[in-house]
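# Notes for the structure review
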Amino acid sequence: MALEGTLHQRACPPFPKLVSGLWRSHLSSIRLPEANVPPNQVPRVSRKEAKPQTCQLSESSDTSSSESEAESEPEQVSGYHRLLATLKNVSKEEEEEEEAEEDSVMDETEMNLEDGDSDISEEEDMAAESTDMQSSVASPADPEGKDGHGPPGTSEESPEEFTDAKHESLFSLETNFLEEESGGDSSPKASQDPFVQHVNTKLKEKEIQAVATNPKTTHQLKWPILGQVVFSSKFQKLETFKPPKDIDLKSVHLQKPLESTWIKTNSQFLSGPQKSNSPFTPLQKELFLIMNSYRDLFYPERTALKNGEEIRHVYCLHVINHVLKANAQVLGNNSRRRSQKLGVGDDDDFRDQGLTRPKVLIVVPFREAALRVVQLFISLLEGDSKKKIIVSNKKRFNGEYGSDPEERPPNLKRPEDYEAVFVGNIDDHFRIGVAILQRSIRLYAPFYSSDILIASPLGLRTIIGGEGEKKRDFDFLSSIELLIIDQADIYLMQNWEHVLHLMNHMNLLPLDSHGVDFSRVRMWSLNNWSKYYRQTLLFGALQDAQINSVFNKYCVNVQGQVAVRSVPMTGSISRVLVQLPHVFQRMQVESLASVIDARFNFFVNKILPQYRDAVMSHTLIYVPSYFDFVRLRNYFKKEELNFAHICEYTQKSGVSRARHFFLQGEKQFLLLTERFHFYKRYTIKGIRNLIFYELPTYPHFYSEVCNMLRATSRGEEAAWTCTVLYSKYDAQRLAAVVGVERAAQMLQSKKNVHLFITGER
């Protein structure tokens, strides 16, 4: 794509590249000035401008057991790798004293911004440039139009997206048949098979019409591991079930060879005291039972540290099982049609496809996650077999999606959850097609020849495009039967609008036929009812209103929905180690639409006057929303308050100055965005007074920021303060911080101010 050349030429500062896609639709109301800055005037990432490397990679196939091809030229170091290196190039002395790290970058890129009083702030420049950049990538250079995975690893000299063209006939569903050794048994025909039952479910027109007006029926159960599980459906029938104590692989109808390969692939989670004859862990068993019933699932307790890989294994098993069954059905019908005489048999017997071939879409935030998913696919298809499966373009894939372990200095100290999330290749702009035919995998398959699509929200956004754009394509989403959105909470830190844009384009009728044989297309797909048969699996680390909204609005599976409702009993405030009074102030809000203005007015009129006095210096204001951050920053400038500000678009030198001035007391206030904390996790030193303009998205951020007060303790602990603003619409976030029982009392109480004291001796 032409994207990579553009990114290298503009030499964006580290943070906008790291969090590409952070712009939000609401920023349009701010009308940030455009930043049409010539490339040579953009502040560079480092003192030396890095030139992009160019390499031509082989398109040859290889097997998973051998990497016998000649080594190609050194792979191009992506922009993310360069920026990641600048992010993590920290010496031991810098880890001991982070201030030295920040002060050391004071060079010619500071551009006389000592007081930050320029009319157009650097954050606005970066936001505008970021928005400008998106407009340049919204129509990717894809001469093949519909075929594209879009790796940013291509250079200016080769802007076309790479797709594997030479294995088209080998992986074609139309021209292949079931292998003789597998026989007809591998085609899923058993009526007990959940896959067959799901795709053969008959819906009537009146049932579809009633969905819009039917109230959602719900039923709540308590499962041993998942806890509170809510079954719901907008169709008339609502069936619930409880997990059996033990299950075997035959009872879950796994397609060959998964019965034999799953045990080995999952063995790392089956060791220890809980080891039993079950092929699943207790968590995997309950999740897979829901997945295999083809119900929609929302699981909000998926964390990178605790159970992320365990969950990834089980949904990859479900994906491969679904694709193998669907393809076996098509290949089996190909064989039946070939053996039958012309005109014999009912055409409806052979309806086994959608309007386009892609069946599964897996949305993950970083290339590292895509790499792990593909590695699991290979492991599940290969297992203990002596005969290695064929994996086309594996070497290229490992080069573009892998990472160099030497890039990560061993002395980098960040919280464990940060290390678990930002591991490997953290490029967030990619998309790749994967085709599976029996025991072979084709990577970089053209989208319309793929069974599985793996992509990031930004990677999908740049190919879906927007209204009025000439080059856009979303037909490949028309027949998605299984949608997996993993690590959904990270998209809140990237750009949630991309997720909404994707959901709005799911399962629409295609604008082109793409060579489909309509006599093989299922009737519910022709009727534009695909969304009622699409299973959506949504995994995240927290209960959030925006994630809940997507699950409730866009998941209308005929089999029903299952949502796990976690109830935090203690809250993250229990992990605050400093002795600190926490004052929670409740705002009176009439409606959800008025929350933003009500919060701003409450802060300006009630909270800020208490901190204007010079005695209340060293005040950190934590702001989760960038929109609120811009509004507060503009107000502080208008009122000529003595403040500094740091957001996700601030250059490293600007961050250094702001932290230094705040520590020394030269700036009374410091505005800090949540996204900056998410991506950097710097310890802000010198805090004496803390204001949470809004409760954090991640509950553990509350205790992390509060514990920063210990960084420069000089005997003024008795004067420390912490103020938190909340409203009745912040119930979920409040419960995650103080616990569900305290949150209920605070929301129902007639008093608007509540005090907690932590760290008492």
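Numbering of residues begins from 1 in every chain and follows the order in which that chain's sequence is written. Per-residue local features of the predicted model are confined to residues with pLDDT of at least 70, and side-chain atom pairs are confined, for both listing and counting, to 80 or more; whole-chain, interface and lining totals are unaffected and use all residues. The side-chain numbers reported here are obtained from all heavy atoms of the structure, hydrogens and water having been left aside.

Moving on: the environment of Phe-603. Per the convention used, a helix needs a DSSP run of H or I reaching at least four residues, while a strand needs a run of E reaching at least two, with both numbered from the N terminus. As for its placement among the helices and strands, Phe-603 is situated in helix H21 (residues 595-607). Residue classification places Phe-603 among the buried positions, given a relative accessible area of 0%. A C-alpha to C-alpha distance of 9.9 Å links Phe-603 and Ile-691, two positions 88 residues apart in sequence. Contacts are assigned to residue pairs with any non-hydrogen atoms lying within 4.5 Å of each other. Excluding anything up to four places from it in sequence, Phe-603 contacts Leu-608, Pro-609, Ile-621, Leu-632, Phe-636, Ile-691, Tyr-693 and Leu-725. Throughout, exposure labels follow a simple rule: accessible area from a 1.4 Å probe, protein chains only, divided by the maximum for the residue type, with under 20% read as buried, over 50% as exposed, and the rest as partly exposed.

With that out of the way, let us pick up the nonpolar core. Residues belong to one nonpolar core when they are buried, are Ala, Val, Leu, Ile, Met, Phe, Trp, Tyr or Cys, and are joined through side-chain atoms within 4.5 Å. Counting residues in each nonpolar core, the largest one holds 80 residues, and the members touching the most others are Leu-361, Phe-476, Leu-477, Phe-584, Leu-690, Phe-692 and Tyr-702. At five residues, the largest contribution of residues to this core is made by helix H17 (residues 488-494). Counting 62 residues, the second-largest nonpolar core is a separate cluster that includes Ile-247, Leu-283, Ile-441 and Leu-482.

A cis amide bond, omega 5°, links Lys-256 with the succeeding residue Pro-257. Within the element layout of this structure, Pro-257 appears in the loop between strand S3 (227-233) and helix H9 (258-265). A positive phi angle, close to 55°, is found at Gln-487, a residue other than glycine. Within the secondary structure layout, Gln-487 lies in the loop between strand S10 (482-485) and H17. Of note, His-618 is a non-glycine position whose phi angle comes to about 55°, a positive value. In this structure, His-618 sits in the loop between H21 and strand S14 (619-623). Since its relative accessible area comes to 5%, His-618 is described here as buried.

Aromatic pairing here means that ring centres of Phe, Tyr or Trp (its six-membered ring) are within 6.5 Å. Orientation follows from the plane angle: under 30 degrees is stacked, over 60 is edge-to-face, and everything else is tilted. Across all of its chains, the model carries 33 aromatic pairs by this definition. Both rings, one in Phe-280 and one in Phe-288, keep their centres 5.2 Å apart while their planes meet at 20°; by these two values the pair is stacked. Where Phe-584 meets Tyr-726, the ring centres are 6.4 Å apart and the plane angle is 65°; that geometry is what we call edge-to-face. A residue pair is termed long-range when its members are at least 10 positions apart, and Phe-584 in strand S13 (residues 580-586) and Tyr-726 in strand S18 (residues 721-726) qualify at 142 residues.

Pairing between sheet strands relies on hydrogen bonds along the backbone, with the strands arranged either parallel or antiparallel. One open sheet holds the seven strands; their spatial order is S15-S16-S14-S17-S18-S13-S19, and the pairing between them is mixed. Edge strands, defined here as strands with exactly one partner in the open sheet, are strand S15 (643-646) and strand S19 (753-758). Neighbouring strand axes in the sheet, compared pairwise and without regard to direction, differ in orientation by 15° on average. Two strands are counted as paired when DSSP detects at least two bridges linking them. Looking at chain direction, S13 and S18 are connected through five bridges and run parallel. Its bridge partner lying in S18, Phe-584 is registered against Val-724. Against the sheet, helix H23 (residues 652-664) contacts S14, S15 and strand S16 (669-673), and its axis sits at roughly 140° relative to S15. Here, axes are lines fitted to C-alpha atoms. For helices the fit covers the stretch in contact, and angles between N-to-C directions go from 0 to 180 degrees.

Among the secondary structure elements, Gln-228 is positioned in strand S3. Distance from Gln-228 to Val-567, taken between C-alpha atoms, is 8.4 Å for residues 339 residues apart in sequence. If we skip the residues at most four places from it in the chain, Gln-228 touches Gln-220, Leu-221, Lys-222, Ala-563, Val-564 and Arg-565.

This next bit is on the pattern of salt bridges. The term salt bridge refers to a pairing of a side-chain nitrogen on Lys or Arg with a carboxyl oxygen on Asp or Glu at a separation within 4 Å. With the rule as written, the count across this model stands at 22 salt bridges. Between Glu-639 and Arg-612 there is a salt bridge; the shortest N-O distance is 3.6 Å. Within this pair, whereas Glu-639 is found in the loop between helix H22 (626-638) and S15, its partner Arg-612 is found in the loop between H21 and S14, the two being separated by 27 residues in sequence. Among the residues examined, Glu-639 registers a relative accessible area of 34% and is labelled partly exposed. A salt bridge links Glu-694 to Arg-733; its shortest N-O distance comes to 3.4 Å. Of this pair, Glu-694 sits in the loop between strand S17 (689-692) and helix H25 (699-707) while Arg-733 is found in helix H26 (residues 731-738), placing the two residues 39 residues apart along the sequence.

This part is about the side chain of Ser-233. With respect to the element layout, Ser-233 can be found in strand S3. Overall, the relative accessible area of 2% leaves Ser-233 in the buried class. With near-sequence residues (within four places) excluded, Ser-233 lies in contact with Pro-215, Lys-216, Thr-217, Leu-238, Gly-560 and Gln-561.

Take the packing of helix H12 (residues 308-339) against helix H13 (residues 367-382) next. Relative orientation and spacing of two packed helices are given, respectively, by the angle between their axes and the distance between those axes. Viewed as axis vectors pointing N to C, H12 and H13 meet at an angle of 55°, and their least axial separation amounts to 10 Å. Judged on the interaxial angle alone, H13 and H12 are oblique. Of the two possible hands of crossing, H12 and H13 adopt the one that is right-handed. When H12 is examined against H13, the residues Glu-309, Arg-312, His-313, Tyr-315, Cys-316, Leu-317, Val-319, Ile-320 and Leu-324 are found in contact with a partner set consisting of Ala-369, Arg-372, Val-373, Leu-376, Phe-377, Leu-380 and Leu-381. Orientation categories follow fixed angle ranges, with anything under 35 degrees roughly parallel, anything over 145 roughly antiparallel, 65 to 115 roughly perpendicular, and all other angles oblique. Crossing handedness: left-handed means the near helix sits turned counterclockwise from the far one by under a right angle, and right-handed means the same turn made clockwise.

On to the pairing of S13, then. Of all seven residues in S13, five are buried; the element is thus mostly enclosed. Note that S13 and S19 share six bridges and pair antiparallel. If you follow Leu-580 over to S19, its bridge partner there is Thr-758.

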